[in-house]
Amino acid sequence: MKNTLKKKKYYLAILCVVLVASLPAYGAMTKKSKTKSIEQRVDSVLRLMTLEEKIGQMTQLSNPNIPTGPTYISVEKASNVALIREGKLGSILNITGADLTRRMQEVAVNESRIKIPLLFGFDVIHGFKTVFPIPLASACSWDMAAIASAERVAALESSAAGLHWTFAPMVDIARDPRWGRIAEGAGEDPFLGSAIAKARVQGFQGKNLRDDASILACVKHFAAYGNAEAGRDYNTTDMSERLLREIYLPPYKAAIDAGVATVMSSFNEFNGTPASGSKFLLTDILRNEYGFKGFVVSDWNSISEIITHGAAKDKNEATIFAMNANIDMDMQNNCYPKKLKQLVEEGKVTVEQVNKAVRRILRAKFELGLFDNPYKYCDSKKEKSVLLNKENLAKALDVAKRSIVLLKNDNLLPLSKTAKVAIIGPLADAPKEMNGCWAWYGEQSPVTFLSGVRNKIGSSHLIYAKGCNINDATTDSIAYAVSVAKDADVVVLCVGESGDMSGESNSRTSLDLPGVQSLLVKEILKTGKPVVLVMTNGRPITLGSLNDSVPAILETWQLGTRAGDALAEVLFGDYNPSGKLTTTFPITIGQVPIYYNHKNTGRPNIDGKRQGYNSRYIDCGNFPQYPFGFGLSYTKFEYSDFKIDKSSMAKTDKATVSVVVKNTGSYDGEEIVQLYIRDLVAYGVSRPVKELKGFDKITLTKGEQKTVRFQITPEMLAYYDLNLKKIVEPGDFSIMVGCSSADKDLLKLNLTVIE
Ligand code: BGC
């Protein structure tokens, strides 16, 4: 009798386990549960989960075949599948394809006890299959609609290939072009960087995460990663809280205000504490001050690296730091999966901390609609029809031509389509180099400059020579290139960096053209033929005396799939270049860091001359080669009639400035009108000589003029006072409008702010 009762109890217990196990966590699929709020659904799933399963949701591993960082974890090819089955993995990065992601998702949803759908993440940094210009390039368009449209295409394509989540946008402000990751951001300015951060988030996430083709964006790397000492990647960052708040934080904040779903922590230490264990950055600022509600993922191995920084003795300590800082998901550290359970059992991390993290992750999965349809993005037919389709390629061309910056033009451009053109240089026909960093899944045969020009003018009057390789010492092919140049009316000389000279861990100590490329340019110039220098690079380059000797320079960065077509449109005048630099080009690397929104110092060097005891070098002035905001057009724009509607305003009021911009040249064109403000005196605090506070990209046909207006709001005049409180203070402000950040390009007037 006793035995039968025992048996009965045993079978009852088994039945319960089976019943609970077969309760799909996304059993939130029943009609009734669909009407529940996301919070209720998250709670109902959380209640079903074991501690191990919760830690599983907090774990992300890479597809072991495609690592995007050093691999310390030996994961067998198939072991991700075993982990998914056991409920020990909530997210995978570096996996793509509608079929492959479906198969993995099937394991999670059909074979794991808890049945929570996986989240697939990938670095969709500047396009997926259709490659768009690198972020530093598209930033030069100052065109928020174009930038958002690039990310929309990236979301369309990557979601069609099974992905739910991109590790973008990278919004790290960079003032040091030695740092290779300058290529991944928007440049040096917090105001422009904020506008671009918002546009990118909106492009990726669409109107609603549940919509078809919306993907989670991830703003990174929190925080101040772009200030790596000496421009060496992963290096120490040490700065005042003032600098952090004034310059480095605004773009992350803008992304958060735009509703970014996730944040990635950074590799660097920040003021002595590794950022991935920094409660100050990730909790005090991100959660408490900014109110960020989404989830935070570590960077690749960045929790483990707290140990290498020397700030934790082992993975246990590193895990505690990361958990106390509020990092919710462990990317490829093997800290949470290996250490968290024991730490909870020992009471060193609380279950409530774990629950909080899991809640945030589950919320994102619900918001994407994965519990209702885990195969939302697993349609291989759609994948085929979306990747590289006509519309996406057309968008890529549009954004590429808008990203090109005309740096110099002594009446040479645009070229005649009937001229005999020699296209020369190591970047002229270099498909591999057109995409730049983070595009290894992208289309690998982009249109090269040679083929773009050929598509435009045909091959009968087009000749080509490579001249030299990008980065070697051999000069053997230069003589042939010179002979080709002699045979042409005009030379298009394509020089620059290879794609792998910028991006992660690709810092340089020189900004010069690599290898013997400068020599190639000099030899070609000796022929006396007019030369258009076409630059391909992921950071500002120093050209030295070549800036003066070549008559025309086009900065094309790395333009992606339609690179050659975009260049051809600009070269032959089918598109009038409109891009403006978002990062300062120094004269020499010795001036770095150099940026437009610098402080005045107590001994400013005003006229550029070397005299007295003032702040300059004995061998170089303080002016850059090309300033922030600079870029030419084939037409001319004249600025006049700069006015303000009141010369003094109350500090809670608003004022309006207006300026007339006229196209006085002989082409239709677009102009980026820029507004800068200087707070002339702040109580006890020095303010930058100017700060960008507004811009407007306008189109003007030949002879047309427009009045451009900017509203001056209290927010534009505010600054962090001595106590780091943001205030607006009565006093005088200089308001400047013009075509670049250089003083000579700006019209100025005064605004007095009163109580
Ligand atoms: C980079 C991140 C990237 C991650 C995943 C890291 O090495 O710093 O920006 O998102 O790898 O690929």
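Before going further, it helps to examine the overall build of the protein. For the protein, the helix and strand inventory stands at 25 helices and 26 strands. Taken over the C-alpha trace, the protein has a radius of gyration of 28 Å; the compact-globule value for 755 residues is 27 Å, and the two agree within 12%. For the protein, the residues scored as buried account for 61% of the 755 residues in total. Surface exposure of the protein reaches about 29,100 Å², of which carbon and sulfur atoms provide 52%. Distance between charge centroids for the protein: 6 Å, based on 93 positive and 82 negative side chains.

Okay, the site of the ligand next. As a matter of local geometry, the ligand sits amid 14 residues, with Thr68, Asp123, Arg181, His221 and Asp299 nearest to it. One nitrogen or oxygen atom from the side chain of His221 is found 2.7 Å from an oxygen atom belonging to the ligand. The separation between an oxygen atom of the ligand and a polar side-chain atom of Asp299 is 2.6 Å. Split into classes, the residues belonging to the shell around the ligand amount to seven nonpolar, two polar and five charged.

For the rest of this paragraph, the subject is the packing of helix 20 (residues 449-457) against helix 24 (residues 563-571). Interaxial distance between helix 20 and helix 24 falls to 7 Å at its minimum, and their mutual angle equals 55 degrees. By the angle between their directions, the pair helix 20 and helix 24 is classed as oblique. The handedness of the crossing between helix 20 and helix 24 is right-handed. For the pair formed by helix 20 and helix 24, the contact residues are Phe449, Gly452, Val453, Asn455 and Lys456 on the first element and Ala563, Gly564, Asp565, Leu567, Ala568, Glu569 and Leu571 on the second. Of the residues contributing to the contact of helix 20 with helix 24, the split by class is six nonpolar, three polar and three charged.

Most of strand 5 (residues 218-222) sits out of view: five of its five residues are buried. Where strand 5 meets strand 6 (residues 262-265), three bridges bridge the pair, whose relative direction is parallel. Across the sheet, residue Phe222 finds its bridge partner in strand 6, namely Ser265.

This paragraph deals with the sheet that holds strand 11 (residues 405-409). The strand order across the open sheet built from six strands is 11-16-15-14-12-13, with neighbouring strands paired in mixed fashion. Sheet topology places strand 11 and strand 13 (462-465) at the edges, where each strand pairs with a single neighbour. When the angles between neighbouring strand axes are averaged without regard to direction, this sheet yields 20 degrees. Alignment of strand 15 (residues 531-536) against strand 16 (residues 552-555), held across four bridges, turns out to be parallel. The residue of strand 16 that forms the bridge with Val534 is Leu554. Together, strand 12 (421-424), strand 13, strand 14 (490-496) and strand 15 form the strand contacts of helix 20, whose direction differs from that of strand 13 by roughly 170 degrees. Strands strand 14, strand 15 and strand 16 of the sheet are contacted by helix 24, whose axis makes an angle of about 145 degrees with strand 16.

On to the environment of Thr556. Among the structural elements, Thr556 can be located in the loop between strand 16 and helix 24. Each C-alpha atom of the pair Thr556 and Ala224 lies 27 Å from the other, and the pair is 332 residues apart in sequence.

What follows is about the domain arrangement of the protein. Considered domain by domain, the protein is made up of domain 1 (395-591) and domain 2 (637-754). Placing the centre of domain 1 and that of domain 2 at their C-alpha centroids yields a distance of 35 Å. Between domain 1 and domain 2, the contact holds six residues from the first and nine residues from the second. Together domain 1 and domain 2 conceal approximately 620 Å² of surface at their shared face, both sides included; 42% is due to carbon and sulfur atoms.

Let's shift gears to the nonpolar core. Judged by nonpolar contacts, the single largest core of 146 residues is most densely connected at Phe222, Tyr336, Ile424, Leu493 and Ile524. Among the elements that line this core, the one with the most residues is helix 16 (residues 351-368), at eight residues. In this structure Ile424 touches Ala465, Ala481, Val484, Ala485, Val491, Val492, Leu493, Cys494, Leu520 and Ile524, once residues within four positions along its chain are discounted. Counting residues in each nonpolar core, the second largest holds 38 residues, with Leu450, Leu462, Val534 and Ala563 among its members.

In the segment running from Phe222 into Ala223, the intervening peptide bond is cis, with an omega of 5 degrees. Looking at the secondary structure, you find Ala223 in the loop between strand 5 and helix 10 (241-248). With an omega dihedral of -5 degrees, the bond running from Leu413 to Pro414 counts as a cis peptide bond. Despite not being glycine, Tyr234 has its phi angle at roughly 70 degrees, a positive value.

All chains considered together, the criterion is met by 21 aromatic pairs. With a centroid separation of 5.2 Å and an interplanar angle of 85 degrees, the aromatic rings of Tyr234 and Phe267 are classed as edge-to-face. Taken together, the positions of Tyr234 in the loop between strand 5 and helix 10 and Phe267 in the loop between strand 6 and strand 7 (269-270) put the pair 33 residues apart, joining distant regions of the chain. Its relative accessible area of 35% is what places Tyr234 among the partly exposed residues.

Before going further, it helps to examine the state of the cysteines. All told, the structure shown has zero disulfides when counted by the stated rule. Its sulfur unpaired, Cys437 is 14 Å from the next cysteine sulfur, which belongs to Cys140.

Because an α-helix completes one turn every 3.6 residues, residues spaced three or four positions apart along the sequence face the same direction. Looking at helix 14 (residues 315-325), one finds that the buried residues are Ala318, Thr319, Ala322, Met323 and Ala325. Angularly, the buried residues of helix 14 cover 160 degrees about the axis, an arc narrow enough to put them on a single face. Elements in contact with the buried residues of helix 14: helix 12 (279-289), helix 13 (305-309), helix 15 (336-345) and helix 16. Two or three places before Asn316, at the start of helix 14, stands the capping residue Asp314, its side-chain oxygen 3.2 Å from that residue's backbone nitrogen. Once helix 14 ends, the next one or two residues include Asn326, with phi positive near 85 degrees.

The tally for this structure, following the rule as stated, stands at 49 salt bridges. In this structure, Lys341 and Glu52 form a salt bridge, with 3.4 Å as the shortest nitrogen-oxygen distance. Of this pair, Lys341 sits in helix 15 while Glu52 sits in helix 4 (residues 51-57), placing them 289 residues apart in sequence. For Lys341, a relative accessible area of 30% translates into the label partly exposed. Residue class for Glu52 comes out partly exposed when judged on its relative accessible area of 35%.

Mapping Thr561 onto the fold places it in the loop between strand 16 and helix 24. The class of Thr561 is buried, set by a relative accessible area of 5%. From its side chain, Thr561 meets the backbone nitrogen of Val131 in a polar contact 2.7 Å long.

Our focus in this paragraph is helix 9 (residues 190-205). Between its terminal C-alpha atoms helix 9 stretches 22 Å, which fits the 22 Å expected from 16 residues at 1.5 Å a residue. Of all 16 residues making up helix 9, 12 are buried, and the element is well covered by its neighbours. Within helix 9, the full set of buried residues consists of Pro190, Leu192, Gly193, Ser194, Ile196, Ala197, Ala199, Arg200, Val201, Gly203, Phe204 and Gln205. For helix 9, the secondary structure elements touched by its buried residues are helix 7 (135-139), helix 8 (144-160), strand 4 (165-166), helix 10, helix 11 (250-257) and strand 21 (691-700).

Attention shifts here to the sheet that holds strand 4. Paired through backbone hydrogen bonds, the strands of a sheet run either parallel or antiparallel to each other. On the basis of which strands lie adjacent, the open sheet formed by five strands has the order 4-3-2-1-10 and parallel pairing. Looking along the sheet, the strands with just one partner apiece sit at the ends: strand 4 and strand 10 (330-331). Note that strand 2 (residues 91-93) and strand 3 (residues 119-122) share three bridges and pair parallel. What sits directly across from Ile92, in strand 3, is Phe120.

Let us look at the environment of Arg113. As for its placement among the helices and strands, Arg113 is situated in the loop between helix 6 (98-111) and strand 3. Classification of Arg113 by relative accessible area gives partly exposed; the value is 28%. There is a polar contact of 2.7 Å between the side chain of Arg113 and the backbone oxygen of Leu48. Within the local environment of Arg113, its side chain forms a polar contact with the side chain of Glu53, the two groups lying 2.8 Å apart.

Rules of the game
Just so you know, the residues in each chain are numbered from 1, in the order the chain's sequence is written. Reporting of local features is limited, given that this is a predicted model, to residues whose pLDDT is at least 70; pairs of side-chain atoms are given and counted only at 80 or more, and all residues count toward the totals for whole chains, interfaces and linings. Hydrogens and water molecules were not included; the side-chain quantities draw on all heavy atoms of the structure. Elements are defined by DSSP. Helices are runs of H or I of four residues or more, strands are runs of E of two residues or more, and each kind is numbered from the N terminus. Radius of gyration: over C-alpha atoms. The globule rule applied is 2.2 Å multiplied by the number of residues raised to the 0.38 power. When accessible area is computed with a 1.4 Å probe and restricted to protein chains, residues below 20% of their type maximum are described as buried, those above 50% as exposed, and intermediate ones as partly exposed. Surface accessibility in these figures is a Shrake-Rupley result with a 1.4 Å probe; residues are shielded only by whichever protein chains are displayed. Two residue types count as positive, namely Lys and Arg, and two as negative, namely Asp and Glu; His and chain ends fall outside the count. Charge coordinates come from a single atom per side chain, which is NZ of Lys, CZ of Arg, CG of Asp or CD of Glu. If a single non-hydrogen atom of a residue is within 4 Å of a molecule or strand, that residue counts as near it. Any pair of nitrogen or oxygen atoms within 3.5 Å is treated as a polar contact; in protein, a donor-acceptor pairing is required on top of that, and neighbouring residues in sequence qualify only through side-chain atoms on both sides. Each residue gets one label: Ala, Val, Leu, Ile, Met, Phe, Trp, Tyr, Cys and Pro are nonpolar, Asp, Glu, Lys and Arg are charged, and the others, such as Gly, are polar. For helices, the axis comes from a line fit to the C-alpha atoms of the stretch in contact; other axes are also lines fit to C-alpha atoms, and the angle between any two N-to-C directions lies between 0 and 180 degrees. For classification purposes, an angle smaller than 35 degrees is called roughly parallel, one larger than 145 roughly antiparallel, one from 65 to 115 roughly perpendicular, and anything else oblique. Helix crossings get a hand from a simple test, with the near helix turned counterclockwise from the far one by less than a right angle marking a left-handed crossing and a clockwise turn marking a right-handed one. In what follows, residue pairs with any heavy atoms lying within 4.5 Å of each other are defined as contacts. Two strands pair if DSSP finds at least two bridges between them. Bear in mind that the domain bounds are from an automatic or database domain assignment. What gets called buried area is simply the loss in accessible area from a 1.4 Å probe that two parts show on being joined, summed for both. What we call a nonpolar core is a set of buried Ala, Val, Leu, Ile, Met, Phe, Trp, Tyr and Cys residues that are connected through their side-chain atoms within 4.5 Å. Pairing of aromatic rings covers Phe, Tyr and Trp, the last through its six-membered ring, and needs centres within 6.5 Å; plane angles under 30 degrees mean stacked, over 60 mean edge-to-face, and all others mean tilted. Two cysteine sulfurs form what is called a disulfide whenever their separation falls within 2.5 Å. It is the directions from the helix axis to the C-beta atoms that the arc portrays. Whenever a carboxyl oxygen of Asp or Glu lies within 4 Å of a side-chain nitrogen of Lys or Arg, that contact is scored as a salt bridge. By definition here, a helix of n residues has an expected span of 1.5 Å times n minus one.

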